[in-house]
Amino acid sequence: MELSAALNEQQLAAVEYCEGPLLILAGAGSGKTRVLIHRIAWLLRQGVAPERILAITFTNKAAQEMRDRATALVGVSISRMWISTFHAACVRILRRDIETMGYRTNFTIVDAGDSERIIRSVIKDLNLDDKRYPTGELSTLIDRAKNDMIDVSAYRSLAKDTFERNVALVYALYQDQLLKTNSLDFNDLINLTVRLFEEHPDVLARYQDQFQYLMVDEYQDTNHSQYRLVRLLAAPHQRICVVGDDDQGIYSWRGADISNILNFARDYPQARVIKLEQNYRSTQNILDAAWHVISKNLSRTEKRLWTERHSSDLVILQCLQNEHAEAQAIVLEIERIRAERHLKYSDFAVLYRVHSQSRVIEEKLIQRRIPYTIYSGLRFFERAEVKDVLAYLRVLVNPYDDQSMRRIINVPRRGIGDTTLSHVQEFAQQMQIPWYVALEMAEEIPNLNNRTVRRLTDLWRLLDDLRKMQEYLSVSELTEELLHRTGYRDLLEGSLKTEDQERLANLGELLNVTAEYDRRREEGQGLMEFLAEVALLSSSDLGDEELLDRVMLMSLHSAKGLEFSVVFLTGMEEGLFPFKRALDNDRELEEERRLCYVGMTRAKDLLYLSYTEGRAMYGQMFPAIPSRFLADIPKELIYDRKQPSRQKALQATTWSSSPPPSLFYESSRTITADKEAIPRMVGQMIITINVGDRVWHRNWEEGTVLSIKGSGEDTMAEVEFHGVGKKLLLLKFAGLEKVE
DNA sequence: AACCTTGGTGTTTTT
DNA sequence: CACCAAGGTT
């Protein structure tokens, strides 16, 4: 039971200010979830009915946590309160009124993978060159447009060239396909709800009236459509409380717009702003170091975290020779600190900018027999076998779902090949009917032989039987029946391949998910609700990994919201972190900085920052330069662990003044060297240059060394670049390569 | 339909 | 280097 007495002054103020717009700027570890649940409790105590409250989060996990903690705090049932993600709330709203928007209630929710598949087929249908129109890029463009609620006709009229006009075409056909198959992507869930509200004032009024108190968590992560949705709901009464931290906005590339939080006071002139700056997680040294990094950003609200937790531990900085040494150092340190401080493995987290960094760290952890888990993008629900079964289930709920139909029509194999497929496709198109109906009428499809017709009608009968069984079977029973009748289970059970056994295990896991759903589902909830829930679920919502005592390996992005006693922030190198694509872009650089801030503020007690002298990427060794973020941390806060490298000029150099220029990752030219030379590359590149050597520079290309001046880290070379002229270069910055 | 070769690519991923 | 998608081969 959490007591109000446990709240500080600002938290209390934030809990009790309920009658107007409120922006809570909640710094990392400042207890914002606690504020939110106390606010819920406070509202209930004021006599507000639970169903009048709408609390929105971004993740299922956050919603679940809020629900659990609020239940524990208030002691009464809050099941009538809407505590959910944006998407789940929109599904609920759309189930009721989507028919006015041209879709049917039993719509399918397609995920990113499904979207890409549709886009790929659209590109193909349009005969566009997939080199110039890559699926991934188009998918990003369409996603971005939808995030900003730019619809097809707006996109078309904004198109400036052939490329953009073609994108508009793909976008249009993509939307057509979704409409035809009664499917919505994640963006549609939000956008259609906004449109529903905008085009049907009566519907909007109903929800405005119902939700007298709005709360939005992680407001810095809202995109334009979510922003509009919130504004619509809050319009009449303005009882809107948003919580967030502009310093932790790291999802702009997903459409999140940090200006939503920065402009809150402008959007709601009556707004009150409360800053939560007392931190209950980290030591003051960690907070100060993090502040020095984040305060370099221009687009942010001024705030500085403080804590009562003082410790003499400094932020530890380590420079290692390469990524293997870095991994080794981390692993040794985990063992040492764990013993010294009596910590669990799960108190340690290793964070990285890109997943590819994890492999080397894993190797060392395995060597040392240290248990670990990787939090990665590999998702259970993206496994082919799981998608197959879900596709079957989707067809049963939404017979218009041609995407799913196409997926399962020949899975398991039933001798329906490409030719048959295109005949079915053509027939369905001409008749303006979904594939499902086309199967029923298979006899009328031209150019099919009797055997094929029978296969198709057999499949239809199978699906139709299953569809009828929905009425009286639970989701688990139906899935079992499906696995049996389709022969999917037999197929895998009969196989000796290990990957098929793995698939079988995954299907077993899927049955656990259905069983869990059946257990807790409420009256009136069935397969349709199950599918929506699953579509909006992520892998991290699954499983019990947190209970296990393991070192956590994850990307900086996935670390948001978590905390660990000891955090290792790895790969603090220009081009890696900040990532190369952000180097020439101030906006993106600010986001990288926020990412760094997020990473640093995950640490409760000890924070390690590490970088290397050189790192292998794509099988090649590149020299590394310490991240500019390191230069922002005052020396007094850092314990710089000197490491015994011979290469003095490369290490312990830069964090005095301005950020170093970016040296690697940027060059379009890769270092050409035979395999023999690779291991020696790092040393060679900068250190062993002599007068008369031919060298290569990223800007001025080839040149000849005229003279060498200075020594140690201040060594400079005078180089005559062909057709450019003489340049004096500090070796530690220049990134010169020797040309053979 | 399974298998192989080739070429291109290479950030992060709450729903 | 390691992965994927696409295309060709058997």
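The numbering scheme is per chain: residues are counted from 1 as the chain's sequence reads. Lettering of chains starts at A and numbering of ligands starts at 1, both following the order in which they are written. Reporting in this predicted model follows two pLDDT cut-offs: at least 70 for local features of residues, and 80 or more for side-chain atom pairs to be given and counted; totals over whole chains, interfaces and linings ignore these cut-offs and use all residues. Hydrogens and water are ignored here; the side-chain numbers use all heavy atoms of the structure.

1. Remarks on the pairing of strand 12 (residues 551–555)
In regular strands, side chains alternate between the two faces of the sheet. Rules: For each residue, the accessible area found with a 1.4 Å probe, counting protein chains only, is set against the maximum for its type, and the residue is called buried under 20%, exposed over 50%, and partly exposed in between. We count a stretch as a helix when DSSP gives it H or I for four or more residues in a row; a strand needs E for two or more, and each element gets its number in order from the N terminus. When DSSP finds at least two bridges between two strands, those strands are taken to pair.
Counting buried residues in strand 12 gives five out of five residues, a clear majority hidden from the surface. Of the two faces of strand 12, the one lined by Val551, Leu553 and Ser555 and the one lined by Met552 and Met554 are each fully buried. Here strand 10 (residues 348–352) runs beside strand 12; their pairing, made up of four bridges, is parallel. Bridged to Tyr352 within strand 12 is Ser555. Sheet topology places strand 11 (residues 372–375) next to strand 12; four bridges connect them, and they run parallel. Its bridge partner lying in strand 12, Ile374 is registered against Leu553.

2. Quick look at the packing of aromatic side chains
Threshold: Any pair of Phe, Tyr and Trp rings, taking the six-membered ring for Trp, is counted once the centres come within 6.5 Å. Such a pair is stacked with planes under 30 degrees apart, edge-to-face with planes over 60 apart, and tilted for the rest.
Across all of its chains, the model carries 15 aromatic pairs by this definition. Relative to Tyr207, the ring of Trp82 lies with its centre 6.4 Å away and its plane at 70°, an arrangement referred to as edge-to-face. With Trp82 in strand 3 (residues 82–85) and Tyr207 in helix 10 (residues 201–210), this pair connects stretches of sequence that are 125 residues apart. Of the two residues, Trp82 and Tyr207, both sit in the buried class. An aromatic cluster is present here, built from Trp82, Phe197, Tyr207 and Phe211 joined pairwise through their rings.

3. Describing the state of the cysteines
The term disulfide refers to a covalent linkage connecting the sulfur atoms of a pair of cysteines. Using the following cut-off: The definition used for a disulfide is geometric: two cysteine sulfur atoms within 2.5 Å.
Following the criterion strictly, the structure yields zero disulfides and no others. Looking at the unpaired Cys319, the closest cysteine sulfur is the one in Cys596, lying at 17 Å.

4. With respect to the sheet that holds strand 12
We count it as follows: Only the stretch in contact is used when a helix axis is fitted, and all axes are lines through C-alpha atoms; the angle between N-to-C directions ranges over 0 to 180 degrees. Contacts are residue-level and defined by heavy atoms, with any inter-residue pair within 4.5 Å sufficient.
Within the open sheet, the seven strands sit side by side as 11-12-10-13-14-9-17. Their pairing is parallel. Every other strand in the sheet has two partners, leaving strand 11 and strand 17 (638–641) as the edge strands with one partner each. Pairwise comparison of adjacent strand axes, ignoring direction, gives a mean angle of 20° for this sheet. Two strands pair when backbone bridges link them, and strand 9 (residues 315–320) and strand 17 are joined in this way by four bridges, in the parallel orientation. Residue pairing across strands places Gln318 opposite Arg641, the latter belonging to strand 17. Helix-sheet contacts for helix 16 (residues 358–367) involve strand 10, strand 11 and strand 12, and the interaxial angle to strand 11 is about 165°.

5. Let's talk about the protein's contact with DNA strand C
Threshold: Whether a residue is near a molecule or strand is decided by its heavy atoms; if any one of them lies within 4 Å of it, the residue is near.
Near DNA strand C, the surroundings consist of Arg120, Tyr618 and Gly619. Close to the protein, within 4 Å, the atoms of DNA strand C belong to sugar or phosphate groups at a rate of 22%.

6. As for the packing of helix 4 (residues 86–97) against helix 10
This is how the line gets drawn: In this scheme, roughly parallel covers angles under 35 degrees and roughly antiparallel covers those over 145, while 65 to 115 is roughly perpendicular and the rest are oblique. Two helices that cross are described as forming a left-handed crossing if the nearer one is turned anticlockwise from the farther one by less than a right angle, and a right-handed crossing if clockwise. Here the nonpolar group is Ala, Val, Leu, Ile, Met, Phe, Trp, Tyr, Cys and Pro; Asp, Glu, Lys and Arg are the charged ones; every other residue, Gly included, is treated as polar.
At their nearest, the axes of helix 4 and helix 10 sit 12 Å apart, and the two run at 135° to each other. Compared by their axis directions, helix 4 and helix 10 come out oblique. Crossing angle aside, the handedness with which helix 4 passes helix 10 is right-handed. Contacts between helix 4 and helix 10 involve Ile93, Arg96 and Asp97 from the first element and Val203, Arg206 and Tyr207 from the second. For the contact of helix 4 with helix 10, a count of residues per class yields three nonpolar, no polar and three charged.

7. Here's the deal with the sheet that holds strand 1 (residues 22–26)
What the six strands build is an open sheet, ordered 3-2-6-7-1-8; its pairing is parallel. Only two strands of the sheet have a single neighbouring strand rather than two, namely strand 3 and strand 8 (272–276). Between one strand axis and the next, the sheet turns by 15° as a mean value, whatever way the strands run. Strand direction decides the pairing type here: strand 6 (residues 213–216) and strand 7 (residues 240–244), joined by three bridges, are parallel. Following the sheet pairing, Val216 is matched in strand 7 by Val242.

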